[in-house]
Amino acid sequence: KGPDPDLVAIAERMATVKHKILVLSGKGGVGKSTFSAQLSYALAAMDFQVGLLDIDICGPSIPKMLGLEGQDIHQSNLGWSPVYVESNLGVMSIGFMLPNPDEAVIWRGPRKNGLIKQFLKDVYWGDIDFLVVDAPPGTSDEHISIVQFLQATGIDGAIIVTTPQQVSLIDVRKEVNFCKKVGVPVLGVVENMSGLCQSLVDFRFIRGTGTGEQIDVTEKVLECMREKAPELLDLFAISEVFDSSGGGAAKMCTEMDVPFLGKVPLDPQLCKAAEEGRSCFVDQKCWVSAPALKSIVKNL
Ligand code: ADP
């Protein structure tokens, strides 16, 4: 029996993709798609050629988060063309194929696997530096498929997004174990919605009103996001559950021997950027979350 022709076709397509990164989460609603979107924007802003592939077949949020709602995929003789946000940031999602955004995709595993295979086989990304793959929460058909289909070319690693609560962290452990079992390196864990920098909001409010002055708050934000930051409003009361250092995800990373990439605070402006399909790195609007996200991308 010869090699599987589909896997051969996928390997050929992936030959022009330098790095493949999987973004995972144990639970839904923790900010995985927000992170995938902003990671892609950050890499594109660093002048890399970036592809963002949404394999959250039943809940595709990527088109909206990239400001691409209502766009269509085009076919060329090279295959399916991604929808481009900028010349170096292309996106592919089932969201582009649905007749309307309210359409429910009620598919069993084999059909989902078929579409993922088709995405990998038929999308023409061209020469790109990074393919960021936004997976659905958990470890199910889609995860097994993507790992299996990319077996020959390999996946550089997975980033796992969580919130600080134990209920989310328990599922992160499962994601880490999934990665270990299937041989995908864990690039690290991001703790999102990690408290609220109340004092920074006040600081900006006092310093920023009326003056139009641009303040570089990067260091202040990073300081705030470090362990034991007194300014950090412990919204989820995690420091009561954990020890005085708080930091549920950081502690779990040490226990499981995987890198901790950093914290992203709750930031109403980041939520707004996601709703409006914008990058959080322009216009200094997301001035609380953007420096934290930037430092995570640098840590990769
Ligand atoms: P998931 O992909 O894990 O299901 P999403 O990325 O869709 O989660 O995020 C869920 C909601 O939370 C979205 O409305 C998003 O804009 C918002 N959100 C994510 N991260 C943050 C944050 N750090 N601060 C504020 N809102 C956030």
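In this report, we go over the structure that sits alongside the text. Please read these numbers as outputs of a predicted model, since none were measured by experiment. (Residues numbered from 1 in each chain as written. Predicted model: local features only at pLDDT ≥ 70, side-chain atom pairs only at ≥ 80, totals over all residues.)

Glancing now at the pairing of strand β8 (residues 157-162). Where burial is concerned, most of β8 is hidden: 5 out of the 6 residues are buried. Relative to β8, strand β1 (residues 17-25) runs parallel, the two being bridged by 5 bridges. The partner of Ser-25 across the bridge, within β8, is Val-161. Sheet topology places β8 next to strand β9 (residues 186-192); 5 bridges connect them, and they run parallel. Of the residues in β9, the one forming a bridge with Val-161 is Val-190. For the crossover that starts at β8, traverses helix α6 (residues 166-182) and ends in the parallel β9, the hand is right-handed. (Buried ≥ 20, exposed ≤ 12 C-beta atoms within 10 Å, placed from the backbone. Helix = DSSP H or I, 4+ residues; strand = E, 2+ residues; numbered from the N terminus. Pairing = 2+ DSSP bridges. Right-handed = clockwise from strand over helix to strand, strands pointing away.)

The local shell around the ligand holds 18 residues, among which Gly-31, Ser-33, Thr-34, Cys-271 and Ala-274 are the closest. Within the residue set of the shell around the ligand, elements represented by two or more residues are α2 (32-45) and α11 (268-276). Grouping the amino acids of the shell around the ligand by side-chain chemistry returns 7 nonpolar, 9 polar and 2 charged. (Near = placed C-beta within 6 Å. Nonpolar A, V, L, I, M, F, W, Y, C, P; charged D, E, K, R; others polar.)

Two modes of strand pairing occur in sheets, parallel and antiparallel, and in both the strands are linked by backbone hydrogen bonds. Pairing is mixed in the open sheet, where 8 strands are placed in the order β5-β6-β2-β7-β1-β8-β9-β12. Two strands lie at the open edges of the sheet, namely β5 (83-86) and β12 (260-264), each paired on one side alone. Within this sheet the neighbouring strands show an average axis-to-axis angle of 20°, counted without direction. Pairing geometry for β1 and strand β7 (residues 128-134), over 6 bridges, is parallel. Bridge pairing in β7 links Ile-21 to Val-132. Here α6 sits on the sheet and contacts β1, β8 and β9; the angle it forms with β8, its principal contact strand, is near 170°. (Axes fitted to C-alpha atoms, helices over the stretch in contact; angles between N-to-C directions. Contact = placed C-beta atoms within 7 Å.)

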